[in-house]
Amino acid sequence: MTHASAPPGETFGIVQKLKELFSNTTNREQLEKIIPNLDSVQSLLSELPDMIIKYERQDDKIDQQTDFLEQLNEFKKRVEEIINKSIQDPERLVLIDHYISAIRLSYELFLAYGQTLEEINEIIAIKVKHNPTENKKEISTLIVRGIDKKIPNKIYFDKRNPNDIKKKLQIIEQFYGYFIEYILYIRESLDIMLNDNNYRLELERLQSKLLKMEPSNIKEYFAKIKSKMMKDQGYSTEILLEYLAKNTRIHISISNNSKFYCKHFIEMFQNLLSKKCIELLSDLTFKLNDKSDNELKTSPFLYLFKEVNKNDLVFKSIYDKGIDLYSKLKNDSSTTAKDTGEQLKTKFKNTIVDENNSVGSHLILGDIYGQRIKNLDFSDKNINVKYCFNYYFFKSLSYFKLDDNNSLSQFNRLLFYIHTCVDQDTLEFAGNKHEEQLLELKRHFSNVYNIDNRTHFDELVEIFKVMINIESFKFRLERVKSSISKLEKGDKINIKATVLKEFLDLNTYGSEICLRLAQSFNIDLIKYIPDGNDKILSRLCGYNSNFHSLINRLQKSRIQFDIDRELTPGFSIPYYLSAMLANDSKFNHQDTDNKEEIMDSSSVESDNITNPERAATADSHRNKKKQEETNEIVMSILFKVFTCSTDNDKEVFLKNKNSIHQEFNKLYESVKRLIAFYNASDDININEKLRDRSIQHILDGFSRTNQESLSKRNEYARVIIDNFINYTLNQINQIVESTKSETEVLNLFDIFMKRNVCDTLECWTKNTSELRDKIYFLYCYHHYKETDFDEWYQKSNSNQSYTIIQNNREKIKQDFHIYNKAFELIKIKYLQHNQVGALALIHDYLSKPFETSGNLFIKIGTGQGKSLTIAETARRIVKNNPNASNPKVFVITCYDHLAKRDHENYEKYYKYFNIETMYCSSNSSSEEFGSKDVIYADLETYFCLLRKEGYNRLIHGTSIKLPNIKNAVLIMDEFDSLILDSDELLQYIYNFEVHIKNPNANFDRKEDVEQLFDKEFIEKCNSKFSNIFDRWWNSKLSRKKTEDNNEHRKTTQDSLGKNSTFAQSLLNYLKYNKRAHFVHYYMDPLVFYSQFKQVIGFSGSIEPQHLNKFQRLFNNKTPHYYNIPPFFGETNLKQNRTFSNDPGKVYENTHDFLYAIKEEIEQKYKNQPILIFADSYKKENGDQSDYEQIRDKLLEAQKTFLNDRKIIEIQSEDAIAENIHKIGKLDSITLATRIIGRGADIKVDKSIEKGLHLLLTYYPTRENIFTQMLGRTARQDEKGSYSIIVRKDKQFATIQEIAVNSRNKTIHELTEYFYRNYTPRSNNSDVALKWALFSELIQTFSVEDIQEHSLETLQEFVSKTIL
C-alpha cells in the first residue's frame, strides 16, 4: 500500500504547532493540571497528520473543512492562554474538554471518509487479533462502512495502478470473510438492537449491495458461506443464506457453474445442517443445470438427487420444494414454465409422495393420473392425500368404464371414501369382481343422480368422509348402495342421519364416531337419528363419561338437558374436548371398573368402629362420591365456557384443536383447584355456601352468548376462578365471628362475583379481581379498632394534627352515613379508620380560606384508599365552591391508564352529586373543559391534546378553548414524582407547509430559509430582539452540519427507559421533505402546576424533609404535611417485607452481574413469582442495556430450568394492563422497567406463602422511585421479599430546590396568550407560519433575553405583528 505525502496547508501547520506544544516537557506539568487524559490527547495529535494524508489523497482539501480548522485554532489559543498565563478558570477547562471531544469526533469522521476497503480489512484484522468480542461495535461499524462507503470506488489507493482488478478481488474476497464471520456484530450497530425485523432487513440490504457491486466473486462468497455454515450454523448466517437463495446473481452463478455448486451442495447436505438450512439449499438445487456433465456422467441435479436420497430429511426437503415449485409453475403459462414443469413431473413420478404435502402432491398426482384424482378434495386437514395410496383405489383408476359418468366429481369422491376402509390392506377380489361391483354402483348412481338431488349426494360424501377408516369395504359399499336405493325409490330421508344410525347400530365404533362428529363440528347430527331423545342422550353419555358427569349434575339440580336447544354445532367443542379428556389417563381418575355395590350408609356407620375393613371401604366410597361430584362440577363449567358462540370460534377450533385441547385441560385444573380450596377447610357450612355460590355465578356468567373469542373466554374463566379463591378462608371465618352472621360475607360475594347484564367478560373479570381486597378490607375493618389507628398515627404526626382528626372525625362519619347510597354505587360499605382520618384532615383544610390555608400534602400508600380519598376531596371542593368557574378541580396522575381507571371507578359517585367530570384522553376536546367540574388527566396526554388542537386551530381554523385554571385546585397523585419527573416531558414538533421557490435548494444559505417567510416579519424580529432570526439560523445551520456528519439520529431515554428520537434538523427536513417543522405550542409542567390557586398532593413515597424543596414552586405557600399509616399498621409492613440478600450485592463485571441474577432466580422461582426491575437505559456506545441483557438470559433459561415459566415483559402502560393479573402467578417471571413502580396493584396468589419476590438490578436516580419499586411487594399486609443485585452502589440524587424557570414561564404564558387571542380570518392566512417561526425564535432566548423583554413586551409584539 502506498501513500502520497501531504502538501503543507494551514490545517497541517496548526496540527504541527499543537504537537510541539504538547511534546514540550516544560509545558507538561501545566498541561497535566488541565487535561486529565493528556497521553490520550497526545496520541490523538500524533495521528492527525496521517488522517490528513488519507483524507487529501481523495483530491479533497482538509483546509476547506473550516469548522475543523476553527476547532484546532481555538483549541490552540485556549491551551496557550492557560500555559502562558497559568489561568485555571473552570469555564475555560470545560471549554478545553469540549474542543478535545470535537477534534476527536472530526478526526474519526475524516479518517472514515479517507479510508479504503484495504485499510478497513487491516483494522478489522488487528481488532480480531486483539479481542473481537470487546471490539464488536467497532468491527460492525467498519463492515457497514466498507459496503456503504468503500465499494466500488475506494477499494485501495495506488496512483500508479489505480484499477488492478485482481488486487481489488483479493481485497473484496478478504472482506467477504470478515462480513460472513462477524455478521452477528451488525446487530450492535442498529438503532433498535433487538428488533429482529430491522436486523433481517439490514442483513438483506448489506448482502445484496455487496454482491451487486463489481468486481465480485459469487462462487467465492458462497464457498465462504458454506465454510461458515459447516463450522457454526448461527442464526445470522441462516439469514444470509435465506436471502442469498432469493438473489438472482446466485441463481445465474449456479446455472453457469452447476458442477461446482453441485459438489458444495452435496458436502453441505451430508453434514448435519439445521432443517431451515436444508430447506434453503433445497431451493437452490433447482437452479442446477440439467445438462449432462462428463465427469458426473449425468446432470448435476440428478447426480445430487442420487447422492442425497438416503437422507430422508434432505430428500423430503428437496421433494417439498419441487412440489411447491411445480404448483407455482402450473399458474405460469410461459413455455419455459411448461418445460420445467414437465421435467419436474418426470423427476417425481416414481418417487414416494409424502403425506404432508397434500396440496402439491394432489396437483402432481392429478397431472400423472388424470381427472379422477383432480376431482378429490384434500383441503380438509383430516383427509390427507396419503389415503390415495390404496391398492384397489389406484386399480380403480384404470377402470376406464367408470370415466364416462356425467357426474364424475361426485361419483369419484364416493369411490374414494368407500375405499378408505378399515380392511384396505387385506382386501382381495377374484378376477374382475372389484370392477363389477363398482360398475354396478355406477349404474345405480347414474339412474338417480340429477341436479335436484345433488345435495343428497353431497351429504352422502360428507358423512362418509367423517367415517373414514371405519368398518369394512363391503359394509361401506352396501351403505352407499342402500342410500342410493332409497333415493331411487323416492324415500324422503335425512341421508347423514340414516348413515350415521347404521354405523352406530353396530355398537363397535360409537365413541370414535361421536368424537369425529364433534371434531368436524357436526355433533348436532346425532339428534336427527330417529331414536328418541332418551336413547340419543344415552348414546352420548355412553360414548363420553364426562358428558355423563354433566348430565348427572343437571339431574341433581333438577334441570333437563334440552337436546333440541342445546345440542347445537357449537356444542361440538366441549363434547370433543371432554371426550379427549375422558380418554386421557392423566386426567381420568374415575374408577370405571369398580363394580362393587355401594353399601347403605347406615350400615357403614354402625360397623365403623368394629370393622376397620368396612370403614376403609366406606371411606373409599365417600372419596369416589366426592370425585364424581368434583368431576360433575368441573364438566358443568367446562361445557358452559367452551360451547361455541361464533363462526370464528368454529374456524379457530377446526384449525387449532391441539392448542384448544391444552386450554381446556388448563381450565379443568383451575376448576378442580376451586373445589379443592373450599373442601380444604373444616368450616363446612359457610364453605359449601361460598363454593356453591361461586359455581353458580360462573355458570350464570357463561350461560349467555359471548362475543369474546374461545381463547379469551377460557383465559377470562381461569382468571375469574383464580379470583374466586384468591383470599384467606380464615378471614371469612373471623368476619362471620365478628358480625355473628354470614349475611355480610355472602352479600359481598354476590356483589363481586355476579356478572351483571351489561358486563363484558373483561368487566366481569375486573370486578371479580376486587373480591380479595374487599374481603381483606372487611376483615381489617372488623379486626382493627379506631384506637389502633390513633396510636399508629400519633407515632409519625404532631399532636396538633391528631386534634384536627378528633375534631372532624364525626363529621366525616355523618357524611358517609348521609351519602351511603353514593358510596354503594362504588361498592363501598365502610370507610377504614385511616381513610376517615385523612378525610378529617382534608375537611379541616378545605374549610379555611385558600388565601391563608397554604398547600396540603398527604403521605398515603397505594391500596390504602387513596383514589377514594382523592374523589371525596374533589367532591368537597366542588361542593364548597358551587359558583366557581369550571373546571374547579384538575386531578393529575403519573400515567394515562391511572387517570382513566380512577375516573371510570368514580364516575357514578360523582354523578350522584351532579358533579360533571371527564377523563382527558387523546380523543377529548378542549371545549369539554369549560363544562366540567373535575378533570382527570395525565399531563402528557393533556399537553398533547392542547398541541393537537392548537395546530388544528392554526391550519384548519378549528376551535381551542384553554381552561382557566388560576381559580382551580390541583390534586396531584404521586405529586413528588410528577414534579421531579417534569423534565422528562419533551416539546413536540408539528409539520407546516411552506412555499419553496427553488426545489433544488440545499438550505445551507440563510436566504433559502428567509424566502419561506414574510421578510418584513423577520426584519421586525431581528430589529426588536437583537438579530434573533440570525442567531436562530446559525444554530440550525450548525445542527444541520453536525447531523450531516452523523449517520444515526440522536435518541434520548427517560427514567422509565422510554426512547424518544430527536427530530431531524429543520434544514435537512426542509431539504428532503419540502416541509418545515416547529414547536408551535410550548408547555412547561412546572409552570402549569404553579398556576393553580391551591395544590393538594398525595404520595406514597414523600418524606417531610423534602417538602421545603417544592416551596418556591408554589409561591412559598406554607405546606401542611400528614403521614397516614396503612389500615393494618406500619409495623406489619416492616415485618412482612424481607430483604433476602441484605445489604445487597454489587458486581461491576457484566458476566458476574448476569450470573448472580441467574443464580438468584434459580433460588427463588420454584416458590415465588419474581418481578425483576431492570434499567433499560442504553449507553451512547450502543451496547445492550441491562434490560436487554437480562432478557436474553431469561430466554436462554427458558430452554433449561425455566422451561415451564412464562416470561412477561413490562415496558409500557398497555403491557401493565394486559399482564397485571399474571405477574403474581407462580409460573411467571416478569421483567420490567420502573414504569410498573407506581400504581400497579399486583395480586399474588394466596397459595404462595412467601409472596412476590422483587429483584432490583439497579438503583434509580431518586430515593422516592426506589421506595415505589419496593412497594410492589408485601402489599396489603402480605408477605414479600426483595433482593438487590446491581452494578453500582446506592447513590441517590439529592433533591434540589424546585422552582419555575423564568424563561420557560414567559414562553409558556406567551403561548397561552397567543392561543387565547388568535381568531382565524381569511386575510391572515400567514399567521400559522409567523407564529410557528416566532415560537421557535423565542425558544432560543437566554435568561438575559427574558429579563430584557418582559412578557407584556412580547405580548404586545405578538399582538401587533402576528395577531
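The structure displayed is predicted, hence computed values, not measured ones. (Residues numbered from 1 in each chain as written. Predicted model: local features only at pLDDT ≥ 70, side-chain atom pairs only at ≥ 80, totals over all residues. Heavy atoms only, no water.)

At a closest axis distance of 8 Å, the pairing of helix α38 (residues 743-753) and helix α39 (residues 761-768) adopts a crossing angle of 150 degrees. Accordingly, the angle class assigned to the pair α38 and α39 is roughly antiparallel. Contacts between α38 and α39 pair I751, F752 and M753 from the former with W764, N767 and T768 from the latter. The class makeup of the residues in the contact of α38 with α39 is 4 nonpolar, 2 polar and no charged. (Axes fitted to C-alpha atoms, helices over the stretch in contact; angles between N-to-C directions. Helix = DSSP H or I, 4+ residues; strand = E, 2+ residues; numbered from the N terminus. Parallel < 35°, antiparallel > 145°, perpendicular 65-115°, else oblique. Contact = heavy atoms within 4.5 Å. Nonpolar A, V, L, I, M, F, W, Y, C, P; charged D, E, K, R; others polar.)

Following both chains from N to C, one finds helix α1 (residues 10-23) and helix α3 (residues 38-56) inclined at 155 degrees, their axes separated by 10 Å at the closest point. Classed by the angle they form, the pair α1 and α3 counts as roughly antiparallel. Where α1 crosses over α3, the handedness of that crossing is left-handed. Across the interface between the two elements, T11, F12, V15, Q16, L18, K19, F22 and S23 from α1 touch L38, V41, Q42, L45, S46, L48, P49 and I52 from α3. The residue inventory of the contact of α1 with α3, partitioned by class, reads 10 nonpolar, 5 polar and 1 charged. (Left-handed = near helix turned anticlockwise from the far one by under 90°.)

All right, on to the sheet that holds strand β4 (residues 934-938) then. If you walk across this open sheet you meet the 7 strands as β3-β4-β2-β5-β10-β1-β11, and the pairing is parallel. Looking at which strands have only one partner, the edges of the open sheet turn out to be β3 (917-919) and β11 (1119-1123). Going from strand to strand, the sheet's axes swing by 15 degrees on average, the running direction of each strand aside. Inspection of the sheet shows strand β1 (residues 855-859) paired to β11 by 5 bridges, in the parallel sense. Following the sheet pairing, I858 is matched in β11 by Y1122. (Pairing = 2+ DSSP bridges.)

Another point: the packing of aromatic side chains. Geometry of an aromatic ring pair is reported as the spacing of the ring centres plus the angle between the planes. According to the stated counting rule, one finds 77 aromatic pairs in the structure shown. Ring centres 4.9 Å apart and planes at 70 degrees place the aromatic pair F445 and F457 in the edge-to-face group. Here F445, found in helix α22 (residues 433-448), pairs with F457, found in helix α23 (residues 454-466); they are 12 residues apart in sequence, far enough to count as distant. Exposure class is identical for F445 and F457. Each is buried. Centre to centre, the rings of F1314 and Y1318 are 5.3 Å apart; their planes meet at 10 degrees, and the pair counts as stacked. Residue Y1318 is classed as buried on the basis of its relative accessible area of 4%. Feature note: the residues F1017, F1025, Y1081, F1314, Y1315, Y1318, W1331, F1334, F1341 and F1357 constitute an aromatic cluster, connected by ring pairs. Here K219 stacks its cationic end above the ring of F260, 4.7 Å away from the centre of that ring. Here the basic side chain of K657 rests over the ring of F653, its NZ or CZ set 5.5 Å away from the ring centre. (Phe/Tyr/Trp six-rings, centres within 6.5 Å; stacked < 30°, edge-to-face > 60°. Buried < 20%, exposed > 50% of the residue type's maximum accessible area, 1.4 Å probe, protein only. Lys NZ or Arg CZ within 6 Å of the ring centre and 35° of its normal.)

What follows concerns the pattern of salt bridges. Inspection of every chain in the model, using the stated rule, returns 80 salt bridges. Put simply, K209 and D148 hold a salt bridge, and the shortest N to O gap is 3.2 Å. Pair noted here: K209 is in helix α9 (residues 196-212) and D148 is in helix α7 (residues 136-150), with a separation of 61 residues, a long-range link. Relative accessible area serves as the criterion here: at 26%, D148 is assigned to the partly exposed category. A salt bridge links D750 to R693; its shortest N-O distance comes to 3.0 Å. Residue D750 is located in helix α38, and its partner R693 is located in helix α35 (residues 684-701); the two are separated by 57 residues in the primary sequence. Through salt bridges with shared partners, one network takes in E786, D790, R809, E810 and K813. (Salt bridge = Lys/Arg side-chain N within 4 Å of Asp/Glu carboxyl O.)

Moving on, we come to the nonpolar core. One finds F547, Y678 and F749 to be the most contacted residues of the largest nonpolar core, which totals 127 residues. The greatest single-element share of this core, amounting to 9 residues, is contributed by helix α34 (residues 657-679). Among all residues touching F547, those that are not within four sequence positions of it are L537, L540, C541, F561, F571, Y575 and F639. The next biggest cluster of nonpolar side chains, apart from the first, holds 114 residues, and it includes F857, F1088, Y1121 and I1216. (Core = buried A, V, L, I, M, F, W, Y, C linked by side-chain atoms within 4.5 Å.)

Next up on the list: helix α61 (residues 1327-1338). Over its 12 residues, α61 runs 16 Å from end to end, which matches the ideal 16 Å to within 8%, given 1.5 Å per residue. Taking burial as the measure, the 12 residues of α61 include 12 buried ones, the bulk of the element. (Expected span 1.5 Å × (residues − 1).)

To continue, consider unusual backbone geometry. With an omega of 10 degrees, the peptide bond between I151 and P152 qualifies as cis. As for its position among the elements, P152 is in the loop between α7 and α8 (165-181). Backbone torsion omega between D1142 and P1143 reads 10 degrees, so that peptide bond is classified as cis. Relative to the assigned elements, P1143 resides in the loop between β12 (1137-1139) and β13 (1145-1146). Not every positive phi belongs to a glycine, and N469 is a case in point at roughly 65 degrees.

A word on the environment of K1134. Secondary-structure assignment places K1134 in helix α55 (residues 1130-1136). Considered as a pair, K1134 and D1277 are 143 residues apart in the sequence and their alpha carbons are 9.7 Å apart.

Moving on, we come to the side chain of D649. With respect to the secondary-structure elements, D649 resides in helix α33 (residues 647-655). Classification of D649 by relative accessible area gives buried; the value is 0%. Within the local environment of D649, its side chain forms a polar contact with the backbone nitrogen of L710, the two atoms lying 2.9 Å apart. The contact partners of D649, leaving out residues within four places of it in the chain, are I573, C644, E708, S709, L710 and R713. (Polar contact = N/O pair within 3.5 Å; in protein donor to acceptor, adjacent residues only side chain to side chain.)

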